Amino acid sequence: ETGVTQSPTHLIKTRGQQVTLRCSSQSGHNTVSWYQQALGQGPQFIFQYYREEENGRGNFPPRFSGLQFPNYSSELNVNALELDDSALYLCASSLIHSGANVLTFGAGSRLTVL
Amino acid sequence: RKEVEQDPGPFNVPEGATVAFNCTYSNSASQSFFWYRQDCRKEPKLLMSVYSSGNEDGRFTAQLNRASQYISLLIRDSKLSDSATYLCVVSLSTGANNLFFGTGTRLTVIP
């Protein structure tokens, strides 16, 4: 059984650029959630994808968007990057309607915006 | 007001000590409660769920007080390997959608 894998692990962008982060869900999971963790803070929910559609969204602006593919993998896209977007972006997979005790996190993509 | 509030610490305790972490949550409709552990520069991992009746897993005991909207974690006989950040997590549902994380409490166990 493979866990959640994310790419890239680290990247540096400049203000105004766009970024795409990728996530492969754990085998057998059908739902992907994305979280943003700024330095010294807890993760904050961005959105969740199920059946290739957004299935819940946190308090993030529309320039944060996502996709889920038929194989349950997912992308997070952020447009018009701002300095405050610098953070660890965590992907977590699960089974829909499961308890959060089956939420499995990937190691994250660390984004630095200069 | 934040959904989940925790004392960020740090807590520095000697090996073998007992240490307790607390957190409060703001939404009385919250249904699911958890403690996650996050090692430095790693992803969060579920430590334990928290049930209304309280529950124990080895050296770890979790308590939930719904009336006070308060969650606690007690670690007995601390080990060096317990050094990590402990995140209090609350959900409005029983599912894995939209977890609210606290800022975490940093624990360092000293030899």
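Before any of the text, the structure's been laid out above.
Residues numbered from 1 in each chain as written. Chains lettered and ligands numbered in written order. Predicted model: local features only at pLDDT ≥ 70, side-chain atom pairs only at ≥ 80, totals over all residues. Heavy atoms only, no water.

1. Remarks on the overall build of chain B
For chain B, the helix and strand inventory stands at zero helices and 11 strands. When the helices and strands of chain B are listed from N to C terminus, the series reads β-β-β-β-β-β-β-β-β-β-β. The C-alpha atoms of chain B give 13 Å as radius of gyration, which agrees with the globular expectation for 111 residues (13 Å, within 12%). With respect to the principal axes defined by its C-alpha atoms, chain B has extents near 40 × 30 × 25 Å. In chain B, which comprises 111 residues, the proportion classed as buried is 48%. Residue pairs at least 24 apart in sequence account for 57% of intrachain contacts in chain B once pairs closer than 6 positions are excluded. (Helix = DSSP H or I, 4+ residues; strand = E, 2+ residues; numbered from the N terminus. Rg over C-alpha atoms; globule rule 2.2 N^0.38 Å. Buried < 20%, exposed > 50% of the residue type's maximum accessible area, 1.4 Å probe, protein only. Contact = heavy atoms within 4.5 Å.)

2. Focus on the sheet that holds strand E3 (residues 19-25) of chain B
Residue and element names in this part refer to chain B. One open sheet accounts for five strands, arranged E1-E3-E8-E7-E6; its pairing is antiparallel. The two strands at the open ends of the sheet, each matched to only one other strand, are strand E1 (4-6) and strand E6 (55-57). Taken pair by pair, the neighbouring strands of this sheet meet at an average axis angle of 20°, ignoring direction. Note that E6 and strand E7 (residues 60-65) share three bridges and pair antiparallel. (Pairing = 2+ DSSP bridges. Axes fitted to C-alpha atoms, helices over the stretch in contact; angles between N-to-C directions.)

3. Points about the interface of chain B and chain A
Facing 19 residues of chain B, the contacting portion of chain A comprises 22 residues. Together chain B and chain A conceal approximately 1,600 Å² of surface at their shared face, both sides included; 53% is due to carbon and sulfur atoms. Summed over the shared surface of chain B and chain A, the number is two residue pairs in polar contact (both at pLDDT 80 or more). Going through the elements one at a time, strand E4 (32-38), strand E5 (44-49) and strand E10 (99-101) of chain B are the ones with two or more residues in the side of chain B that touches chain A. Residue classes in the side of chain B that touches chain A are distributed as eight nonpolar, eight polar and three charged. (Buried area = accessible area lost by both parts, 1.4 Å probe. Polar contact = N/O pair within 3.5 Å; in protein donor to acceptor, adjacent residues only side chain to side chain. Nonpolar A, V, L, I, M, F, W, Y, C, P; charged D, E, K, R; others polar.)

4. Observations concerning the pairing of strand E6 (residues 53-57) of chain A
Residue and element names in this part refer to chain A. One ladder, built from three bridges, connects strand E5 (residues 44-50) with E6; its direction is antiparallel. Along E6, the bridge assignment pairs Phe-47 with Arg-57. With antiparallel pairing between neighbouring strands as the criterion, E5 and E6 make up a hairpin whose turn holds two residues, including Arg-51 at a positive phi of roughly 50°.

Any link to function would need more than the numbers given here.
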